[in-house]
Amino acid sequence: MPRAKRRADVLPMPPADEGHRQASKRQRQSYTSSSSRRNSKADDAFSSKRCIMWFKRYTTMDDPDTLGPDGMERFCQEIGVEPENVVMLVLAYKMGARQMGFFTQSEWLKGLTDLQCDTIAKVQSKLDYLRTLLNDSNTFKSIYRYAYDFARDKDQRSMDIDTAKAMLQLLLGKHWILYAHFAQFVDQSKYKVINKDQWSNILEFSRTINTDLSNYDVDGAWPVMLDEFVEWLRHQRNGGSTS
């Protein structure tokens with residue numbers, strides 16, 4: 001059969017209206033943009049499941065519910081903070097952690113839910129905020145008091161002197177002008193431990209007593225340790241021997 005001839009009256013489709021094409025393009029872009037925003041918000045939203053999965057990266061099969069010293073070191077490396085940095089103490093405070101060098105899963109979830117952090121990047125974004133908590137007098141006092149039970153050996157009622165010095169250096173070393181003198185006094189003293197009353201009063205002393213000790217009342221309710229420190233420091237300033 002001969003090939004059918006193309007009808008001369010069938011014309012090609014006219015080009016689509018330019019305005020219609022642009023409208024369709026805008027609709028597609030709007031949909032894509034909205035979809036991206038929804039996905040972004042989903043990624044930014046805190047997830048307890050993601051937070052726990054992150055925690056599990058630092059635990060072992062033998063103790064999956066506790067992040068121990070090895071896991072703590074890795075966690076600190078990943079967020080870019082030294083374990084001895086005071087911000088780690090503040091983070092532990094937010095978690096309500098009971099033992100230095102350890103986070104339980106419930107502590108981790110409590111603290112990071114409060115901070116809305118379930119990734120390394122989110123914790124890193126909160127580090128400056130955690131540091132600012134130390135600038136509030138009442139919050140600092142709470143963190144300071146928390147540090148005593150957090151750092152002491154749970155088998156002992158008092159904190160050993162070396163741990164106490166390290167924690168005092170961390171919390172007061174940069175702000176208490178007399179700290180270096182106090183540390184020297186402790187090194188030369190008979191004290192091997194610091195009890196909770198002494199710990200609390202050291203903070204009050206650092207906040208209220210003048211550098212020249214002019215407002216220190218020897219008949220006040222200060223612990224004997226601080227009476228002895230004042231006597232020792234006055235002796236040093238009067239030319240006494242450090243031996």
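Below you will find a few notes about this structure. (Residues numbered from 1 in each chain as written. Predicted model: local features only at pLDDT ≥ 70, side-chain atom pairs only at ≥ 80, totals over all residues. Heavy atoms only, no water.)

### Considering the packing of helix α10 (residues 196-208) against helix α11 (residues 224-237)
Axis separation between α10 and α11 bottoms out at 9 Å; the angle between their running directions is 45 degrees. One way to sum up the angle between α10 and α11 is to call them oblique. Each of Q198, N201, I202 and F205 in α10 lies in contact with α11, whose residues at this interface are M225, L226, F229 and V230. When its residues are assigned to classes, the contact of α10 with α11 shows six nonpolar, two polar and no charged. (Axes fitted to C-alpha atoms, helices over the stretch in contact; angles between N-to-C directions. Helix = DSSP H or I, 4+ residues; strand = E, 2+ residues; numbered from the N terminus. Parallel < 35°, antiparallel > 145°, perpendicular 65-115°, else oblique. Contact = heavy atoms within 4.5 Å. Nonpolar A, V, L, I, M, F, W, Y, C, P; charged D, E, K, R; others polar.)

### Digging into the packing of helix α7 (residues 137-151) against α10
It is at 10 Å that the axes of α7 and α10 come closest, and there the two elements cross at 150 degrees. Comparing the axis directions of α7 and α10 gives the class roughly antiparallel. Remark: the crossing between α7 and α10 carries right-handed chirality. Of the residues in α10, those in contact with S137, F140, K141, Y144, R145, A147, Y148 and D149 of α7 are K196, W199, S200, I202, L203, E204 and R207. (Left-handed = near helix turned anticlockwise from the far one by under 90°.)

### What about the layout of surface pockets?
Looking at the largest pocket, its volume works out to about 490 Å³. For the lining of the largest pocket, the elements supplying multiple residues, two or more each, are α8 (161-172) and α10. Considering every element that reaches the lining of the largest pocket, the biggest residue donor is α8, with four residues. Within this model, the second largest pocket holds a volume of roughly 340 Å³. Around the second largest pocket, the lining comprises 17 residues; the ones closest to its centre are P83, E84, M88, M100 and F150. (1 Å grid on protein atoms, 1.4 Å probe; cavity = no way out; pocket = protein on both sides within 12 Å on 5 of 7 lines; lining within 4 Å. Points joined across faces, edges and corners; volume = space filled by probe spheres on them.)

### Considerations on helix α3 (residues 69-79)
Of the residues making up α3, those classed as buried are G71, M72, F75, C76 and I79. Projection of α3 onto a plane perpendicular to its axis shows the buried side chains occupying an angular sector of 135 degrees, all on one side. Opposite the buried face of α3, at more than 90 degrees from it, the exposed residues are D70 and Q77. Where α3 is buried, its residues meet α2 (48-56), β1 (66-67), α4 (86-95), β2 (103-104), α5 (105-115) and α6 (120-132). At the exit of α3 stands G80, carrying a positive phi of roughly 75 degrees. (Buried < 20%, exposed > 50% of the residue type's maximum accessible area, 1.4 Å probe, protein only. Arc of directions from axis to C-beta.)

### A few points about the side chain of T59
Within the secondary structure, T59 is located in the loop between α2 and β1. Of the polar contacts made by the side chain of T59, one reaches the backbone oxygen of K56; its length is 3.1 Å. Engagement of the side chain of T59 in a polar contact is seen with the backbone oxygen of P64, the distance being 3.5 Å. Setting aside its immediate chain neighbours within four residues, T59 contacts P64, T66 and L67. (Polar contact = N/O pair within 3.5 Å; in protein donor to acceptor, adjacent residues only side chain to side chain.)

### Considering α6
An α-helix turns once per 3.6 residues; consequently, residues spaced three or four apart project the same way. Along its length, α6 shows its largest kink, about 35 degrees, at K126. Along α6, the residues that are buried comprise K122, V123, L127 and L130. (Bend = angle between axes of the 7 residues up to and from the residue.)

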